[in-house]
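Structural overview
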Amino acid sequence: MMKQLILLITILLFFLCSKHVEGTLQVGFYSDKCVLAEEIIRSEVVRAFVNDKGIAPGLVRLHFHDCFVRGCDGSILIDSTSTNLAEKDVSPNGITLRGLEVIDNAKARLEGACKGVVSCADILAFAARDAIILTGGLYWDVPAGRRDGRISRASETVVIPSPSFSLDQITQSFAEKGLTQHDMVTLLGAHTIGRSHCAFLTSRLYNFNSTMSQDPKLNPILALLLRRQCPRDWQGKVSSTDVVPMNLTPFFMDPSYYANLLLHNGLFTSDQALLDSQKTSQQVAFYAAQGLAWQADFVQAMTKMSQIQVLTGTQGEIRANCRVINP
C-alpha cells in the first residue's frame with residue numbers, strides 16, 4: 001500500500017513539474033493564440049479512432065518517426081516532389097505509415113479557426129498524446145511551440161531504429177537523439193499496441209542464419225503461429241501486406257509487452273534484445289509487474305522525445321498544408 005502511495009505521489013509531482021518545461025516549448029502555448037487547438041485535434045483523433053482503432057498506434061509511430069529524423073519538425077508529413085523523395089515514401093514507410101489523414105483533417109480545421117498559428121509538428125505531438133489516452137494510457141500536458149521544417153529527405157530515414165537491431169545498436173540509435181537506455185526500454189513499450197508487417201519477421205521465422213531457420217530467442221510456439229499467419233509464397237517470399245497484431249491486446253496500453261518479452265514472445269529482434277543485459281532485463285521485469293510505473297515513465301520519456309531538435313521562435317515555418325512546404 002505504501003509503495004502504491006509513493007508511486008501516485010511521484011506521478012502527481014511529475015504532472016505539476018511538467019508545467020515548467022525547460023527550453024522554449026511551453027505547456028498551454030496556444031491558450032492565448034488558438035484556444036480550441038487541442039480540442040480540435042483531440043476530436044479528429046477520437047473520430048478516426050472510433051472508425052479504426054489501429055489509427056492510435058499509427059499516430060504514435062508517426063510522431064516517433066518524425067522526431068528521429070531532423071527532430072520533431074513535421075518533416076514526416078511532407079509529400080515527395082518530382083525532384084525529391086520524401087521521408088514518408090521510402091520503404092517501409094510507404095506501406096506502414098498510418099494516420100496521415102487525421103493530421104490533414106485537424107490541420108484543415110485549425111487553419112479555418114486560427115489561420116497560420118498551429119504547426120504540423122505540434123499537431124503530431126498532441127495527436128500522439130491523445131492516441132495514447134484512447135488506448136488506456138495516462139494523460140500528460142504537451143509542451144508546444146514547435147515550428148515546421150522545410151526539408152524531408154528519404155535518405156535521412158536511415159537513423160530510424162530497425163526492428164532487426166541488437167541491444168547495442170538500438171541503444172546507440174536512441175543515444176544519438178539524447179535518449180538514455182532507460183528511455184529506450186520505456187518507449188519501446190509502445191509496441192504493446194498496433195500491428196507488424198510480416199516482412200519484419202521473416203528472418204526470425206525462416207532464415208535466421210546458416211545453421212538454423214528460426215531465431216532461438218523466439219518462443220517456438222509463437223514461431224509456429226506466426227509462420228501460419230505469415231506464410232511464404234512459392235518463391236519463398238512473405239507478402240508485404242500481411243500483418244499480425246503486436247500482442248493479444250493490440251489496442252490497449254498495458255504492460256503485456258514486457259510480460260511477453262519474459263516469455264520470449266517479443267515480435268522484433270530489437271524487442272527481445274532487451275533481455276540481453278542484466279540492466280535492461282531488470283527494467284523489463286519491473287515494468288511487467290508494475291504497469292503503473294511504466295505508464296508514468298512513459299509519459300516522461302514521450303515528453304522528452306517530443307523535444308528532440310525542435311524548431312522554435314522564428315526558425316522554420318507554420319505550414320498552411322502539412323504535406324507541402326510554404327512557397
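These numbers come from a predicted model, not from an experiment.

**Side note on the UniProt feature "binding site: Ca(2+) 1" (unreviewed entry) in the protein**
Under the local residue numbering, the UniProt record ascribes the feature "binding site: Ca(2+) 1" (unreviewed entry) to Asp66, Val69, Gly71, Asp73, Ser75 and Glu87. These annotated residues cover 22 residues of sequence, but their C-alpha atoms sit close together, with the largest distance between any two at 12.7 Å. Not counting the four nearest positions on each side in its chain, Gly71 is found in contact with Asp66, Ile308 and Gln309. Topologically, Ser75 is positioned in the loop between α3 (55–68) and α4 (93–96).

**What to know about helix α5 (residues 100–113)**
For α5, which comprises 14 residues, the first-to-last C-alpha distance of 20 Å matches the rise-based estimate of 20 Å (1.5 Å per residue) to within 8%. Buried residues of α5: Leu100, Val102, Ile103, Ala106, Lys107, Leu110 and Glu111, and no others. For α5, the angular spread of the buried residues around the axis is 160 degrees, confining them to a single face. In α5, the exposed residues that point more than 90 degrees away from the buried face are Ala108 and Gly112. Of the surrounding elements, those touching the buried residues of α5 are α2 (37–51), α3 and α6 (120–134).

**Structural notes on the UniProt feature "binding site: substrate" (unreviewed entry) in the protein**
As recorded in UniProt, the sites labelled "binding site: substrate" (unreviewed entry) are Pro161. Relative to the elements of secondary structure, Pro161 occurs in the loop between β2 (143–144) and α7 (167–175). For Pro161, the residues in contact, after removing those within four places along its chain, are Phe64, Phe68, Ile170, Ser173 and Phe174.

**Examining the confidence of the model for the protein**
Within the protein, residue pLDDT values average 92, and 92% of them lie at 70 or more. Note on residues 9–23: pLDDT under 50 across the span, and 16 contacts to partners over four residues away in sequence or across chains.

**Comments concerning the pattern of salt bridges**
Under the defined criterion, the tally for this structure stands at 19 salt bridges. Among the ionic pairs, Asp183 bridges to Lys304, the shortest N-O distance being 2.7 Å. One end of the pair, Asp183, is in helix α8 (residues 181–187); the other, Lys304, is in helix α14 (residues 291–305), with 121 residues separating them in the sequence. A relative accessible area of 10% means that Asp183 is categorised as buried. For Lys304, a relative accessible area of 34% translates into the label partly exposed. One salt bridge in this structure joins Asp215 and Arg204, with 3.0 Å as the shortest N-O distance. Of this pair, Asp215 sits in the loop between α9 (202–205) and α10 (220–229) while Arg204 sits in helix α9, and the two are eleven residues apart along the sequence. Residues Asp215 and Arg204 agree in their burial class; the two are buried. The network of salt bridges with common partners includes Glu38, Glu39, Arg42, Arg129 and Asp130.

**Observations regarding the state of the cysteines**
As enumerated under the stated definition, the model contains four disulfides in all. Here Cys67 connects covalently by a disulfide to Cys72, the sulfurs 2.0 Å from one another. The chirality of the disulfide connecting Cys67 with Cys72 is right-handed, given an S-S dihedral of about 120 degrees. The two residues Cys67 and Cys72 agree in class, both being buried. A sulfur-sulfur separation of 2.0 Å characterises the disulfide bridge that pairs Cys198 with Cys230. Across the S-S bond linking Cys198 and Cys230, the dihedral sits near -65 degrees, which makes this disulfide left-handed. Highlighted residues: Cys198 in the loop between β3 (195–197) and α9 and Cys230 in the loop between α10 and β4 (243–245), separated in sequence by 32 residues. For the pair shown, Cys198 and Cys230 are each scored as buried. Once the bonded cysteines of the protein are numbered in order along the sequence, the disulfide links fall as 1-4, 2-3, 5-8, 6-7.

**Description of the packing of aromatic side chains**
Counted under the stated rule, the structure contains eleven aromatic pairs. Ring centres 4.9 Å apart and planes at 90 degrees place the aromatic pair Phe29 and Tyr30 in the edge-to-face group. Like Phe29, the residue Tyr30 is buried in the burial classification. Where Phe200 meets Phe268, the ring centres are 6.2 Å apart and the plane angle is 80 degrees; that geometry is what we call edge-to-face. Of this pair, Phe200 sits in the loop between β3 and α9 while Phe268 sits in the loop between α11 (256–262) and α12 (269–272), placing them 68 residues apart in sequence. Among the residues examined, Phe200 registers a relative accessible area of 26% and is labelled partly exposed.

**Comments concerning a nonpolar patch on the surface**
Judged by side-chain polarity, Val46, Val50 and Leu134 come together as a nonpolar surface patch covering roughly 220 Å² of accessible area. Judged by its relative accessible area of 30%, Leu134 is partly exposed.

**Some words on the nonpolar core**
If you look at the biggest cluster of nonpolar residues, it comprises 70 residues, and the most contacted ones within it are Leu59, Ile103 and Leu274. The element contributing the most residues to this core is α6, with nine residues. Not counting chain neighbours up to four residues away, the residues in contact with Leu274 comprise Leu167, Met184, Val185, Leu188, Tyr257, Leu261, Thr280, Ser281 and Val284. With 14 residues, the next largest nonpolar core counts Cys198, Leu222, Leu226 and Met246 among its residues.

About the cut-offs
- Residues numbered from 1 in each chain as written.
- Predicted model: local features only at pLDDT ≥ 70, side-chain atom pairs only at ≥ 80, totals over all residues.
- Heavy atoms only, no water.
- UniProt positions renumbered as here; feature names shortened; annotations may be inferred.
- Contact = heavy atoms within 4.5 Å.
- Helix = DSSP H or I, 4+ residues; strand = E, 2+ residues; numbered from the N terminus.
- Expected span 1.5 Å × (residues − 1).
- Buried < 20%, exposed > 50% of the residue type's maximum accessible area, 1.4 Å probe, protein only.
- Arc of directions from axis to C-beta.
- pLDDT = per-residue confidence, 0-100.
- Salt bridge = Lys/Arg side-chain N within 4 Å of Asp/Glu carboxyl O.
- Disulfide = S-S within 2.5 Å.
- Phe/Tyr/Trp six-rings, centres within 6.5 Å; stacked < 30°, edge-to-face > 60°.
- Patch = residues over 30% accessible without salt bridge, like charges linked within 9 Å, V, L, I, M, F, W, Y side chains within 5 Å.
- Areas by Shrake-Rupley, 256 points an atom, 1.4 Å probe, with all protein chains shown as cover.
- Core = buried A, V, L, I, M, F, W, Y, C linked by side-chain atoms within 4.5 Å.

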